[in-house]
Amino acid sequence: MSDQFPTYRAQMEYVCLGCGARHPIDELLYTCPDCGGVFLLEDTTFDRLKEHGGAYWRSLFDSRAATRNTALRGVFRFYELMAPVLEQEDILYLGEGNTPVVDGAPELQKKLNASFAFKNDGQNPSASFKDRGMACAYSYLRALVRRHGWDEVLTICASTGDTSAAAALYGAYVGHPIKTAVLLPQGKVTPQQLSQPLGSGATVLEVPGVFDDCMKVVEHLAEHYRVALLNSKNSWRILGQESYAYEVAQWFNWDLAGKVLFVPVGNAGNITAVMSGLLKMRRLGIISDLPRLFGVQSEHADPVWRYYSKPKAERVYSPVTVRPSVAQAAMIGNPVSFPRVKKLVDVYEAEGGEFGVVQVTEQAIMDAAIIANRHGHIVCTQGGECLAGLLKAREEGRVAADEKAVLDSTAHALKFAGFQNMYFTDTFPPEYGVTPDAGPLWWLMPPRRRGSPLRSLRGPLRRPSLTAWNLRENDYCLDRMDVGREERPLPGEPRQCAETKAARLSRRFSKHLTPSCSDAKARMT
C-alpha cells in the first residue's frame, strides 16, 4: 500500500481572502481578478477524507515513509492533504522534505535551561525550506504544461536568496519548456546565495533597493504577462510548505501536546503553511492537540509583531521600512501573506490553539546562531532567530522550562557563513547593531580577536576555553606549527632532544584532559 499512488482526487479552488470570490485552478492565478486579494487553495471535497479516522491516516503516512515510489517519497507523502489533483507523472522529486529533527545539544539545553530541537530544513536540496513549496509549485506547473501544450514558460521570482536558489534548481531539473529568471536586491544577498541561481543557469537580475522593490517588479510582470510567479503569492507554494507541519507531527508520533513551534516570519508564507497544515490534521483527527505557535521577527523587520503586540481592538496593519538584518530571508517590511496569517490565526485560536509573535534584536539572533553552532548544530541566522525567540519567550514567561520547543532552521548555516566571519572578526557595519561579546549570552561566546579567523588563533586569547588556556600557557602559535618536524624548542622551553613539536603539544595538552572538567576549570581560574 505504501508504494501505490493514491486514487483520491479532489476538487480544488482558489478562494480570495479579500472578497471571497472563488476561481478554478485550470489557469495560473496569484491574486483575485476582482479585488486583488491573495488566495488560499481549498479542497472543496475535503470532508470525504473524514470517512477514514485519524488512525488510518497516521498508519498510511507512516507506511509511506519507507516507500520507493519517488512520487510519494518527499513532501507528497501527504498527498491527500496537499494537492490531490496532481497525477503521478507530474510530481517532481529532488529529495526534498523528511528533514531531521535534531535535539538541542544536551550541554546547550542545560546552559540555556530550555528544552528544544531544531528541524534542519537546510538539509533540503537547495539548502532551504523553499524546496518544499517549489516541489509543489513546479509539479502543478508541469500539469498545466501537459494539459495546455505550452512550448515556453518563464518562471520568475523576487528573492532574498533562498527562493531564487530553489526556483532555479527545480526549473533547471524540469528543463524545456521552463526558463527561470530571478530578481535579487542588489547587495542584500550573500555570495553563497547569489552563486546558487547562477550555478543552476537562471537569469539573475539585481535590482537597487530591498526585497519589497523586487516584489513590485515581479507582481507587475505576473499581472501583465503570462509568467509563472514562484513567490509565496503562489498558493501552490503554500501547499508544499504545509509538509513541514506534517513532518513535525509525524516525528513526535502524532502527539503535539506540550509542544511549542517557533517559525521565523518574513514574507509570512511559511507560518501560513504551518498553521494550515496543523488545522487540516486536527480536522481529520490525525492530531488531537494543536501546539502553541510563535512567529519570530527581528526588530529590523517586524510588521507582524507590531500588529499582534497590540490589543485586538487596536490592531491596524502597516508595512515597515526594513533595516539591514542578519536574518536576511526575513528582511521583508510588507509580507505578501499577512492576510493569510490574519485569517488563519482567527481560525487557529477558534479551534483552541494559541498564537503569538516575538520580537528579537539583531544581537540576540547572531549570538543565538553562534551559540547553537558552537554546540554542533548547523543553523542559519533564521534558526538563530528562532532560538532567540524561544529565549525571549522564556524571559517573558510565555514558555515554561518543561515545554518542548521545535525551532525552524530554514536554511543551512553555510549560506550565511559571511555573517559568522563578520562576527568573529568584529566587522559588522554599524547599521546591523551587532557587536561580538556584547549580548546577554556573552559568557557562552567563543574567544574572538580582530582580524581573520586564522589570525585569531595567535597569541593570548580572551576568556579562554580549556583548549585556549593550554595554548596560552605554553605560548604555542598553531599557525606556525609544523607537525612531524623536529624543531628547536620554543623560547623559554627547556631543550628536549628529538621530540617533535606535535609530540610536545600532545604530551602537555593531555595532562589537562585527565582530571575532571571541574578540576580543569579550577586551574583555569
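Residues numbered from 1 in each chain as written. Predicted model: local features only at pLDDT ≥ 70, side-chain atom pairs only at ≥ 80, totals over all residues. Heavy atoms only, no water.

Remarks on the overall build of the chain
Broken down by element type, the chain carries 18 helices and 13 strands. In the chain, buried positions account for 57% of the 525 residues. Of the roughly 21,900 Å² that the chain leaves accessible, carbon and sulfur atoms contribute 50%. (Helix = DSSP H or I, 4+ residues; strand = E, 2+ residues; numbered from the N terminus. Buried < 20%, exposed > 50% of the residue type's maximum accessible area, 1.4 Å probe, protein only. Areas by Shrake-Rupley, 256 points an atom, 1.4 Å probe, with all protein chains shown as cover.)

Considering the sheet that holds strand S9 (residues 227-229)
Remark on secondary structure: sheet strands pair via backbone hydrogen bonds, oriented parallel or antiparallel. Taken in spatial order, the four strands line up as S8-S7-S6-S9 in an open sheet, and their pairing is parallel. Only two strands of the sheet have a single neighbouring strand rather than two, namely strand S8 (203-207) and S9. Strand-to-strand twist of the sheet, defined as the mean angle between neighbouring strand axes without regard to direction, takes the value 25°. In the sheet, strand S6 (residues 153-158) pairs with S9 via three bridges, with the strands oriented parallel. Among the inter-strand pairings, threonine 155 is bridged to a residue of S9, identified as alanine 228. Here helix H4 (residues 130-148) sits on the sheet in contact with S6, strand S7 (178-185) and S9, set at roughly 155° to S6. On top of the sheet, helix H7 (residues 211-224) reaches S6, S7, S8 and S9; it is set at about 155° to S6, its chief contact. (Pairing = 2+ DSSP bridges. Axes fitted to C-alpha atoms, helices over the stretch in contact; angles between N-to-C directions. Contact = heavy atoms within 4.5 Å.)

A word on unusual backbone geometry
The phi angle of most residues is negative, glycine excepted, and most peptide bonds adopt the trans form. A cis amide bond links histidine 176 to the next residue, proline 177, at an omega of 10°. Looking at the secondary structure, you find proline 177 in the loop between helix H5 (162-174) and S7. Here the phi dihedral of asparagine 98 falls at roughly 55°; this positive angle occurs in a residue that is not glycine. Tracing the backbone shows asparagine 98 in the loop between helix H2 (79-82) and strand S4 (101-103). With relative accessibility at 46%, the residue asparagine 98 sits in the partly exposed group. Residues other than glycine seldom take positive phi values, yet aspartate 426 does so here, at roughly 55°. Here aspartate 426 lies in the loop between helix H15 (417-425) and helix H16 (466-474).

Section: the pattern of salt bridges
In this structure the tally under the stated criterion is 21 salt bridges. The partner of arginine 132 in a salt bridge is glutamate 247, and the shortest N-O contact between them spans 2.9 Å. Separated by 115 residues along the polypeptide, arginine 132 in helix H4 and glutamate 247 in helix H9 (residues 243-251) bring together distant segments of the chain. The same class applies to arginine 132 and to glutamate 247, which are both buried. For the salt bridge of aspartate 302 with arginine 306, the shortest nitrogen-to-oxygen distance reads 2.8 Å. Using a relative accessible area of 2% as the deciding quantity, one classes aspartate 302 as buried. Overall, the relative accessible area of 41% leaves arginine 306 in the partly exposed class. Overlapping salt bridges bring together Lys119, Asp121, Arg132 and Glu247 as one network. (Salt bridge = Lys/Arg side-chain N within 4 Å of Asp/Glu carboxyl O.)

A look at the environment of leucine 60
Looking at the element boundaries, leucine 60 is found in helix H1 (residues 54-64). Expressed as a C-alpha distance, the spacing of leucine 60 and serine 2, which sit 58 residues apart in the sequence, is 7.1 Å.

Observations concerning H9
Burial within H9 is extensive, with eight of its nine residues counted as buried. For H9, the complete set of buried residues consists of Ser243, Tyr244, Ala245, Tyr246, Glu247, Val248, Ala249 and Gln250. Where H9 terminates, the next one or two residues include asparagine 253, which has phi positive at roughly 55°.

Some points on the packing of helix H10 (residues 269-283) against helix H12 (residues 338-350)
Between H10 and H12, the least distance of the axes is 9 Å, while the angle of their chain directions is 30°. Looking at the two axes, H10 sits roughly parallel to H12. When you trace H10 past H12, the crossing you get is left-handed. Of the residues in H12, those touching H10 at Ile271, Thr272, Met275, Ser276, Leu278, Leu279 and Arg283 are Arg340, Val341, Leu344, Val345, Val347 and Tyr348. When its residues are assigned to classes, the contact of H10 with H12 shows nine nonpolar, two polar and two charged. (Parallel < 35°, antiparallel > 145°, perpendicular 65-115°, else oblique. Left-handed = near helix turned anticlockwise from the far one by under 90°. Nonpolar A, V, L, I, M, F, W, Y, C, P; charged D, E, K, R; others polar.)

Some remarks on the nonpolar core
One finds Trp236, Leu278 and Met281 to be the most contacted residues of the largest nonpolar core, which totals 105 residues. If you tally residues by element for this core, the top one is H4, at ten residues. By size, the runner-up hydrophobic cluster in this structure holds 40 residues, among which are Ile365, Cys386, Ala405 and Leu407. (Core = buried A, V, L, I, M, F, W, Y, C linked by side-chain atoms within 4.5 Å.)

Re the side chain of serine 232
Summarising the element assignment, serine 232 is placed in the loop between S9 and helix H8 (235-241). A residue is classified by how much of its surface remains accessible, and serine 232, at 4% relative accessible area, is buried. A distance of 3.3 Å separates a polar atom in the side chain of serine 232 from a polar atom in the side chain of asparagine 267. Apart from residues no more than four positions distant in its own chain, serine 232 is found in contact with Arg237, Ile238, Asn267, Gly269, Ser337 and Arg340. (Polar contact = N/O pair within 3.5 Å; in protein donor to acceptor, adjacent residues only side chain to side chain.)

So, the packing of helix H13 (residues 362-374) against helix H14 (residues 381-395)
Look at H13 against H14: their axes get within 7 Å of each other, and the N-to-C directions meet at 105°. On the basis of the axis angle, H13 is roughly perpendicular to H14. Of the residues in H14, those in contact with Ala364, Ile365, Met366, Ala368, Ala369 and Ala372 of H13 are Thr381, Gly384, Glu385, Leu387 and Ala388. When grouped by side-chain class, the residues that make up the contact of H13 with H14 number eight nonpolar, two polar and one charged.

Regarding the confidence of the model for the chain
Note: predicted coordinates in regions of low pLDDT should not be interpreted at a detailed level. When pLDDT is averaged across the chain, the result is 86; 83% of the residues are at 70 or more. Scored below 50 in pLDDT, residues 449-490 makes 76 contacts in the model with residues more than four places away or belonging to other chains. Per-residue pLDDT stays below 50 along residues 495-499; that stretch engages in seven contacts with residues further than four places along the chain or on separate chains. (pLDDT = per-residue confidence, 0-100.)

A few points about the environment of cysteine 214
With respect to the element layout, cysteine 214 can be found in helix H7. Once the C-alpha coordinates of cysteine 214 and glutamine 186 are considered, the two residues, 28 residues apart in sequence, prove to be 9.7 Å apart. Residue contacts for cysteine 214: discarding those within four places in its chain leaves Ala158, Leu183, Leu184, Pro185 and Val207.

Some details on the pairing of strand S3 (residues 39-43)
Counting buried positions along S3 gives four out of five residues, so the element sits mostly inside the fold. Note: strand S1 (residues 12-16) against S3, five bridges, orientation antiparallel. Residue pairing across strands places glutamate 13 opposite glutamate 42, the latter belonging to S3.

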